[in-house]
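The lines below spell out each chain.
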Amino acid sequence: MAKLLFQVVYVVYLSELIIFLLVFQSDDRSLFDCFSCGTFISFGVLDASAGDADPLYRGCVDQCENTGCVGERCFPHCNFSADVAKHDQPWYMQEPLYLKWKQWDCQGDCRYYCMVNQEEERASLGLKPVKYHGKWPFKRVYGIQEPFSVAFSALNLAMHFYGWLNFYILIYYMLPQKPDKKPYYDFTFLWNLYALLSMNSWFWSAVFHSRDVDVTEKLDYSCAVALIGYSLILAILRSFNLRDEAARVMVAAPLIAFTTTHILYLNNYKLDYGWNMKVCVVMVVAQLLIWAIWAGVTHHPSRWKLWVVVVGGGLAMLLEVFDFPPYQGFMDAHALYHACTVPLTYIWWSFIRDDAEFRTTNLLKKAK
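Residues numbered from 1 in each chain as written. Predicted model: local features only at pLDDT ≥ 70, side-chain atom pairs only at ≥ 80, totals over all residues. Heavy atoms only, no water.

1. Focus: helix α11 (residues 245-268)
To keep it simple, the criterion reads: What counts as a helix is a DSSP run of H or I of at least four residues, what counts as a strand is a run of E of at least two, and both are numbered from the N terminus. Expected span of a helix: the number of residues minus one, times 1.5 Å. Throughout, bend refers to the angle between the axes fitted to the seven residues that end at a position and the seven residues that start at it. Between buried and exposed lies partly exposed: a residue is buried under 20% and exposed over 50% of the maximum accessible area for its type, with that area taken using a 1.4 Å probe on protein chains only. Contacts are residue-level and defined by heavy atoms, with any inter-residue pair within 4.5 Å sufficient.
In a regular helix each residue adds 1.5 Å, so 24 residues correspond to 34 Å; α11 covers 33 Å between its end C-alpha atoms and thus fits that length. Where α11 bends most, the angle comes to about 30 degrees, and this point is A252, followed within four residues by the proline P254. Along α11, the positions that sit buried rather than exposed are R248, V251, A252, T259, H262, I263 and L266. For α11, the elements touching its buried residues are α9 (188-210), α10 (214-239) and α12 (273-297).

And the structure:
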């Protein structure tokens, strides 16, 4: 048993080490998305991909933004002078989000149709797809940029809501309560807050993948960083069984301060994809290793579920490291990564409910 445990921990460690090293050698925007949302996991060069570096593509976009046409396709809303003024304004002076969803702006349409033409030309020459502005060439569906990523993000949000709802019912309606009507489970509030942060993060993930604009990008990245930072705090508190408020504050305060400072840096100074990616990878790897080690030393009856989530999450992240272009323009490695986190989220919340029952039962036995 000890030998098997060592082998499992070793596999988790190696997979996380590989991801850690590969990510630190890359500034690819898609690698950030690997950690943008998830149970533990749930960053890139915006204008330095092979596709948008192509002179033919750049010439097509420049011509389109001046004429409002790509070949025989013209865009009636493509008003160059007004569009430049709109983009030069701060985010709170720009067009409201609900209007941006109705139609793409001039730059968005020009980039998309120039990319489509460029990829058709490359395919005719037998060349493989390349990235444009840090993203693979996707086909729009009713104006949605990445339909499968949006769908799987929505499924993850629904799965977190379903898991949290069952957890809430278990805690407040099925398990015994203290005389003051508070639950025996010491980590109830922390998991409730985790659920809210997770659902918020997956919501903005779906929004961002449906329409990549400045506001949705910052909201997605900020919410993802907040969730990852909080998940690390929660991993430390639960694995070390810290129930004293003073001890919890000592652990949480520096991590909250660091996470908040990092979010402010991204939003108010520079949205540095490479640095953001490195910060999030460190926090993700740390919490995965904490949970893996705790699962190895604890006698928790549901530790196998924790193992499934930790190992499954580590393996799922390899989809982002070994990225591949979208199949038929729709399904890429990142969308598959989001798909993998759906069943892992179900198992994760099942473990949380089991943990609540296990600890409540033990505390009641001690009380007797």
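2. Observations regarding the state of the cysteines
This is how the line gets drawn: By convention in this document, the label disulfide applies to cysteine sulfur atom pairs within 2.5 Å.
Under the defined criterion, the tally for this structure stands at three disulfides. A sulfur-sulfur separation of 2.0 Å characterises the disulfide bridge that pairs C60 with C114. With the S-S dihedral at roughly -85 degrees, the linkage between C60 and C114 falls on the left-handed side. Of this pair, C60 sits in helix α4 (residues 55-67) while C114 sits in helix α7 (residues 106-124); the two residues are 54 residues apart in sequence, bridging distant segments of the chain. You can call C60 partly exposed: its relative accessible area is 21%. The class for C114 is buried, based on a relative accessible area of 2%. Between C64 and C110 runs a disulfide, and the two sulfur atoms are separated by 2.0 Å. Residues C64 and C110 are joined by a disulfide whose S-S torsion is about -70 degrees; by sign, that bridge is left-handed. On the criterion of sequence distance, the pair formed by C64 in helix α4 and C110 in helix α7 is long-range, its members being 46 residues apart. Taken individually, C64 and C110 each receive the classification buried, so the pair is uniform in this respect.

3. Things to note about the nonpolar core
Under the convention used in this document: To form a nonpolar core, buried Ala, Val, Leu, Ile, Met, Phe, Trp, Tyr and Cys residues must be joined to one another through side-chain atoms within 4.5 Å.
Core analysis: the biggest nonpolar cluster contains 52 residues, and F167, W191, Y194, W291, L306 and W348 have the highest contact counts within it. Of all elements in the fold, only α8 (147-174), α9, α10, α11, α12, α13 (303-321) and α14 (333-367) reach the threshold of two or more residues within this core. Not counting the four nearest positions on each side in its chain, W191 is found in contact with F167, Y185, Y230, L234, W291, W348, W349 and I352. One finds Y57, C78, C106 and Y113 within the second-largest nonpolar core, a separate group that totals 14 residues.

4. Quick look at the side chain of T298
Which entries qualify depends on this criterion: Counted as a polar contact is a pair of N or O atoms within 3.5 Å, where, for protein atoms, one must be capable of donating a hydrogen and the other of accepting one, and residues adjacent in sequence contribute only when both atoms are in side chains.
Secondary-structure assignment places T298 in the loop between α12 and α13. Assessed through its relative accessible area of 16%, T298 is described here as buried. One polar contact links the side chain of T298 to the main-chain amide nitrogen of H300, over a distance of 3.2 Å.

5. Section: the packing of α13 against α14
The line we're drawing: Between N-to-C directions, angles span 0 to 180 degrees; the directions come from axes that are lines fitted to C-alpha atoms, helices contributing only their stretch in contact. An angle counts as roughly parallel when it lies under 35 degrees, as roughly antiparallel when it exceeds 145, as roughly perpendicular when it falls between 65 and 115, and as oblique in every other case. By convention the crossing between two helices is left-handed if the near helix lies anticlockwise of the far one by an angle smaller than a right angle, and right-handed if it lies clockwise. Three classes are used, and their members are as follows: Ala, Val, Leu, Ile, Met, Phe, Trp, Tyr, Cys and Pro are nonpolar, Asp, Glu, Lys and Arg are charged, and the others, Gly among them, are polar.
Relative orientation of the contacting elements α13 and α14 amounts to 170 degrees, with a least axis distance of 9 Å. The orientation of α13 with respect to α14, classified from their angle, is roughly antiparallel. Crossing of α13 against α14: the hand is left-handed. Here α13 contributes K305, L306, V308, V309, G312, G313, A316, M317, L319 and E320 to the contact with α14, which in turn contributes A333, H334, L336, Y337, C340, L344, I347, W348, S350, F351 and D354. Residue composition of the contact of α13 with α14, by class: 14 nonpolar, four polar and three charged.

6. Overview of the pattern of salt bridges
Spelled out, the test is: Here, a salt bridge means any side-chain nitrogen of Lys or Arg that lies within 4 Å of a carboxyl oxygen of Asp or Glu.
Considering all chains together, one arrives at eight salt bridges under this definition. Where E146 meets K135, a salt bridge forms, and the shortest distance between an N and an O atom there is 2.8 Å. Here E146 is found in the loop between α7 and α8, whereas its partner K135 is found in the loop between α7 and α8, with 11 residues between them in sequence. We note that E146, like K135, is buried.

7. As for unusual backbone geometry
With the exception of glycine, most residues fall at negative phi, and the peptide bonds are largely trans. Here the phi dihedral of N241 falls at roughly 55 degrees; this positive angle occurs in a residue that is not glycine. Checked against the element boundaries, N241 lands in the loop between α10 and α11. Positioned with a positive phi, Q328 is a non-glycine residue whose angle comes to about 55 degrees. Looking at where Q328 falls in the secondary structure, it is placed in the loop between α13 and α14.

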